[in-house]
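# Structural features, examined
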Amino acid sequence: MDDQISSTFAALADPTRRAILARLALGETSVTELAAPFEMSMPAVSRHLKVLEKAGLIARGREAQWRPCKLKAEPLKQAADWLDEYRRFWEESFDRLDAYLQTIQAKEAKEKKRGRKTN
Amino acid sequence: MSTATVSPKVAAQHELHITRVFDAPRELVWKVWTDPEHMKNWSGPRQFTATHVENDGRPGGKWRLCLHSDGFDTGDGVMRKLDLWQGGEIREMVAPERLVYTFQWDESTGLGSHETVVTVTLEEHEGKTTMNFHQAFFVTDKDRDGHVRGWNSSFDKLGDYLGELQTKEGLHGKR
């Protein structure tokens, strides 16, 4: 599980690969079609596709002339769930931060008041 | 570098962005974020207490803390004692407005030991502080340097964005 998540995030960290995934979300297509929007050589695009395939995010057909690329949604969904957990983790921490800030300030206000009284 | 436009929703799959407004001056929020004595009083979700907080408090320095729970159900109905160690390196510290550090769980936690980069910025308006928190999920230095900054999209679930992509945008707007 840990390795898959790391591979998924490594794959998503690149804007070209994210763009490729976005296109594949619309349906499977060829490498040529995927490469079309980028000012990038075919070997460079192929390298990106290899990373995506290794990360389990796309599947590629095997016929020599037409190797369609297809999106595999499950790893992306796992990454989405993973980020959900992180979001919950931080939101709860910030709830505590909020309450803690109020506690400190209430304490400071009280001590200031006490200080004024004894002067 | 690619010249294609990327759907914000695809970009959102790899980072977290949270904004909060705290009813406190910025200097105090900064202190509470960076002083170990304060950090331990709010770090971690409800069921945890932060023990063992260390913070070098300077760029290039390290930080480390442990989230401890006396009884935590990890999903199988068994209450377990948990010690989740986390730490990282401080990249930038511009008091009281900007904090950038790396965040990584210890391998022992089983939570995934890949390193993430956290950016916290604080702005003050009329005595209240707006905190922008951003966590980016990268694995290698190369990936980090290649990241295009500035995505300001909210996080959505995969199902939603796939559905929306299919009805709305093509890769470069033509389809």
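Please refer to the structure higher up on the page.
An account of the accompanying structure is given in this report. What you see is a predicted model; the values in this text were computed from it and never measured. (Residues numbered from 1 in each chain as written. Chains lettered and ligands numbered in written order. Predicted model: local features only at pLDDT ≥ 70, side-chain atom pairs only at ≥ 80, totals over all residues.)

## Brief notes about the overall build of chain A
- For chain A, the count of helices and strands is five helices and two strands.
- Helices and strands in chain A line up, N terminus first, as α-α-α-α-β-β-α.
- The C-alpha radius of gyration computed for chain A amounts to 25 Å, which surpasses the reference 14 Å derived for 119 residues by more than 25%, pointing to a less compact arrangement than a globule.
- Principal axes of the C-alpha set define a box for chain A whose edges measure 90 × 30 × 25 Å.
- Considering only contacts in chain A between residues 6 or more positions apart, those separated by 24 or more positions represent 58%. (Helix = DSSP H or I, 4+ residues; strand = E, 2+ residues; numbered from the N terminus. Rg over C-alpha atoms; globule rule 2.2 N^0.38 Å. Contact = placed C-beta atoms within 7 Å.)

## A look at the overall build of chain B
- Broken down by element type, chain B carries five helices and seven strands.
- When its helices and strands are written in sequence order, chain B yields α-β-α-α-β-β-β-β-β-β-α-α.
- Each of the 175 residues in chain B was classed as buried or not, and the buried ones make up 26%.
- At a minimum sequence separation of 6, the contacts of chain B that also span at least 24 residues come to 43%. (Buried ≥ 20, exposed ≤ 12 C-beta atoms within 10 Å, placed from the backbone.)

## Some words on the sheet that holds strand β7 (residues 128-137) of chain B
Residues and elements named next belong to chain B.
- Ordered by their spatial adjacency, seven strands build an open sheet running β1-β7-β6-β5-β4-β3-β2, and the pairing between neighbours is antiparallel. Edge positions in the sheet fall to β1 (15-22) and β2 (49-55), since each of these pairs with one other strand and no more. Averaged over neighbouring strand pairs, the angle between their axes works out to 20° when direction is ignored.
- Bridging between strand β3 (residues 62-73) and strand β4 (residues 79-94) involves ten bridges; their strand directions are antiparallel. Within β4, the residue paired with Trp63 across the bridge is Gly88.
- Packed onto the sheet, helix α2 (residues 26-34) meets β1, β2, β5 (98-105), β6 (116-125) and β7 and runs at close to 160° relative to β6. (Pairing = 2+ DSSP bridges. Axes fitted to C-alpha atoms, helices over the stretch in contact; angles between N-to-C directions.)

## Looking at the packing of helix α2 (residues 15-24) of chain A against helix α4 (residues 42-54) of chain A
Residues and elements named next belong to chain A.
- Orientation of α2 relative to α4, taken along the N-to-C sense of each, is 70°, at an axis distance of 10 Å. One element, α2, and the other, α4, form an angle in the roughly perpendicular class. In this structure, α2 uses Thr16, Arg17 and Ile20 to contact α4, whose residues at the interface are His48, Val51 and Leu52.
- By residue class, the composition of the contact of α2 with α4 is three nonpolar, two polar and one charged. (Parallel < 35°, antiparallel > 145°, perpendicular 65-115°, else oblique. Nonpolar A, V, L, I, M, F, W, Y, C, P; charged D, E, K, R; others polar.)

## Structural notes on the pairing of β7(B)
- Strand direction decides the pairing type here: β1(B) and β7(B), joined by eight bridges, are antiparallel. By the bridge assignment for β7(B), Phe22(B) is matched with Thr129(B).

## Some points on α4(A)
Residue and element names in this part refer to chain A.
- Compared with an ideal rise of 1.5 Å per residue, which puts 13 residues at 18 Å, α4 spans 18 Å between its outermost C-alpha atoms and is within 8% of the ideal.
- Of the residues making up α4, those classed as buried are His48, Leu49 and Leu52. When α4 is viewed along its axis, its buried side chains cluster within an angular range of 100° and face the same direction. Away from its buried face, by an angle of more than 90 degrees, α4 presents the exposed residues Pro43, Lys50 and Lys54. (Expected span 1.5 Å × (residues − 1). Arc of directions from axis to C-beta.)

## Examining the nonpolar core
- In terms of nonpolar packing, the biggest core is built from 27 residues, with Phe9(A), Leu21(A), Leu24(A), Leu52(A), Leu57(A), Ile58(A) and Ala79(A) touching the most fellow members.
- Residues Phe22(B), Val29(B), Trp42(B) and Leu99(B) belong to the second largest nonpolar core, which totals 15 residues. (Core = buried A, V, L, I, M, F, W, Y, C linked by C-beta atoms within 7 Å.)

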